Amino acid sequence: MKKILFLHIGMGKTGTTALQHFFWSNRRALEAHDIAYPSYGSVAEAHHLISPHVPPFLQGVWKFKTVSEWGPRLRKKAQSRILVSSELMAWALPEVVEAFCRGAREYFDLKVVVYVRRQDEMIMADFNQLVKSGSQKRELDRVLERQIRRFDYEKLIQPWAAGVGNDNVIVRPYERQQFHGGDIRRDFAWHVFGLELSGRFKFSSQNANPRLSLSALEYKLHLNKLLRDAEQSSKFNDALMAYSASEDDSTQDAFSTRSVLSASSRNQILACCAESNSAVARLYMHRSDGRLFLAAPPDESSEREPPAIPVDRRVAITRYIQQREPGLIALLCRSVALTPASERRLHREAVNYFEPCLRALDPRGQ
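First things first, this report covers the structure right here in the doc. Please read all numbers here as calculations on a predicted model, not as lab measurements.

## Some thoughts on unusual backbone geometry
Here is step 1 of the chain: A cis amide bond, omega 5°, links G10 with the succeeding residue M11.
Here is step 2 of the chain: Considering the arrangement of structural elements, one finds M11 in the loop between β1 (3-8) and α1 (16-25).
Here is step 3 of the chain: Look at K13: it is not a glycine, yet its phi comes out positive at around 65°.
Here is step 4 of the chain: Mapped onto the secondary structure, K13 falls in the loop between β1 and α1.
Here is step 5 of the chain: Residue classification places K13 among the buried residues on the basis of a relative accessible area of 19%.
Here is step 6 of the chain: The phi torsion at D34 lies on the positive side, around 65°, for a residue other than glycine.
Here is step 7 of the chain: Its relative accessible area of 31% is what places D34 among the partly exposed residues.

As structure tokens, then:
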């Protein structure tokens, strides 16, 4: 009889980092319940090296493993249930998923676990993460249509369902009110393994992946436009995360309510995704009403656009960074000074954004 391999494919921004940290910290406790969370194939507590999807920026950087490499190794685990987790998996192309599942079925019976977040919340959270990483240079409204297409959950899940069968796909909504015991770790354990977590398990209360506040997010987006190298831009992250926590303590909450988009824009996103979400609820959760998410939609009755960040807030952020890491402001000054008038629009937008901040630090304009 084959062992069962549970593939937790994400998605990103659905508490995946917190889950992976929990699994890693509680490997002994899981083993006592016949569940292995192996160290083989792991990077930063997740099994990214086992993922069938290899992002272009990681090609040649990490040594990804084929099914024929990891399958025999994991099959030797003493436990009959093996859990691997990587949010990279969700983005594998259909033909890659097909080959991956076909190969893995030679060693295991397969089940796929995926958490999905309501698309308006997901798009805003993903945007925050991409800005933080330095890869996002355009405002959200300029990339919104592409993002809506990206989070078509029916389309994302279908190749995995084809590879393992609909009944072997476990879909869980990333909504606090739908979590078993009000906690994603308890929810995963219960809905995936039928396990009610006891006092033997260690829980961390810290958010493993806090977000940037709205003002710090705008600031970092313009840094991404100015600095061509994402590595340089990411040098500002620690200071901006510290500023965010001091300005808005909700940035530490995984379920932040601060919105980058207006209520009407968010409802338009939900309308675009309604059919796909209903199909997921019916196919994989057997909900006859087709309701995947239970939270009320954004209220448009008191509609207003998210507030623009005033110049004095930009100046305050710049002063905060200067006090913590003066070298970063020196880098900012050099980058602004070296950007010629002929630079493309995004760079010019960034220069115009930062020039008032730097003048405020040096009223003489020097």
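## Side note on the side chain of R266
Here is step 1 of the chain: Following the sequence through the fold, R266 ends up in helix α12 (residues 263-285).
Here is step 2 of the chain: Setting aside anything within four residues of it in sequence, one finds R266 in contact with R118, D120, E121, M124, S259, L261 and P298.

## Notes on helix α7 (residues 153-164)
Here is step 1 of the chain: A rise of 1.5 Å per residue sets the reference length of α7, with its twelve residues, at 16 Å; its end C-alpha atoms lie 17 Å apart and thus fit the reference within 8%.
Here is step 2 of the chain: When α7 is considered as a whole, its buried residues turn out to be Y153, L156, I157, P159, W160, A161, G163 and V164.
Here is step 3 of the chain: Structurally, the start of α7 carries an N-cap: the backbone nitrogen of E154 is 3.3 Å from a side-chain oxygen of D152.
Here is step 4 of the chain: Positive backbone phi, at 95°, marks G165, one or two positions downstream of α7.

## Concerning the sheet that holds strand β3 (residues 81-85)
One key point about sheets: their strands pair by backbone hydrogen bonds, in either a parallel or an antiparallel sense.
Here is step 1 of the chain: In space, the five strands of this open sheet follow the order β2-β3-β1-β4-β5, with parallel pairing throughout. Looking at which strands have only one partner, the edges of the open sheet turn out to be β2 (35-36) and β5 (169-173).
Here is step 2 of the chain: Bridge analysis of β1 against strand β4 (residues 108-116) gives six bridges, and the strand direction is parallel. Of the residues in β4, the one forming a bridge with K3 is F108.
Here is step 3 of the chain: Lying on the sheet, helix α8 (residues 184-193) is in contact with β1, β2, β3, β4 and β5; it crosses β4 at an angle near 145°.

## As for the nonpolar core
Here is step 1 of the chain: Judged by nonpolar contacts, the single largest core of 77 residues is most densely connected at L7, W70, Y153, V171 and L332.
Here is step 2 of the chain: With residues near it in sequence (within four places) discarded, Y153 still touches M11, V116, R117, Q119, M122, S276, N277, V280 and F293.
Here is step 3 of the chain: The next biggest cluster of nonpolar side chains, apart from the first, holds 22 residues, and it includes F23, L30, L195 and L197.

## Focus: the pattern of salt bridges
Here is step 1 of the chain: Within this structure, the stated rule accounts for 15 salt bridges.
Here is step 2 of the chain: E121 serves as the salt-bridge partner of R266, at 2.6 Å between the closest nitrogen and oxygen. Of this pair, R266 sits in helix α12 while E121 sits in helix α5 (residues 119-133), and the two are 145 residues apart along the sequence.
Here is step 3 of the chain: Linked through salt bridges whose partners overlap, the residues forming this network are E139, R142, K225, R345 and E349.

## Thoughts on the packing of aromatic side chains
Here is step 1 of the chain: Scanning all chains against the criterion turns up 20 aromatic pairs.
Here is step 2 of the chain: Here the aromatic rings of F22 and F203 are separated by 5.2 Å at their centres, their planes lie at 40°, and the arrangement is tilted. With a gap of 181 residues between them, F22 in helix α1 and F203 in the loop between α8 and α9 (214-226) connect regions that are remote in the sequence.
Here is step 3 of the chain: Looking at F22, the relative accessible area reads 4%, which means it is buried.
Here is step 4 of the chain: Consider the rings of Y243 and Y320, whose centres lie 5.4 Å apart with planes at 75°: the pair is edge-to-face. Residue Y243 is found in helix α11 (residues 237-247), and its partner Y320 is found in helix α13 (residues 311-324); the two are separated by 77 residues along the sequence.
Here is step 5 of the chain: A relative accessible area of 22% places Y320 in the partly exposed class.
Here is step 6 of the chain: Taken together, the ring pairs in this structure connect F6, F22, F23, W24, Y37, Y115, F188, F193, F201 and F203 into an aromatic cluster.
Here is step 7 of the chain: Its end group placed over the ring of W24, R27 keeps NZ or CZ at 3.9 Å from the ring centre.

About the criteria used
- Residues numbered from 1 in each chain as written.
- Predicted model: local features only at pLDDT ≥ 70, side-chain atom pairs only at ≥ 80, totals over all residues.
- Heavy atoms only, no water.
- Helix = DSSP H or I, 4+ residues; strand = E, 2+ residues; numbered from the N terminus.
- Buried < 20%, exposed > 50% of the residue type's maximum accessible area, 1.4 Å probe, protein only.
- Contact = heavy atoms within 4.5 Å.
- Expected span 1.5 Å × (residues − 1).
- Polar contact = N/O pair within 3.5 Å; in protein donor to acceptor, adjacent residues only side chain to side chain.
- Pairing = 2+ DSSP bridges.
- Axes fitted to C-alpha atoms, helices over the stretch in contact; angles between N-to-C directions.
- Core = buried A, V, L, I, M, F, W, Y, C linked by side-chain atoms within 4.5 Å.
- Salt bridge = Lys/Arg side-chain N within 4 Å of Asp/Glu carboxyl O.
- Phe/Tyr/Trp six-rings, centres within 6.5 Å; stacked < 30°, edge-to-face > 60°.
- Lys NZ or Arg CZ within 6 Å of the ring centre and 35° of its normal.

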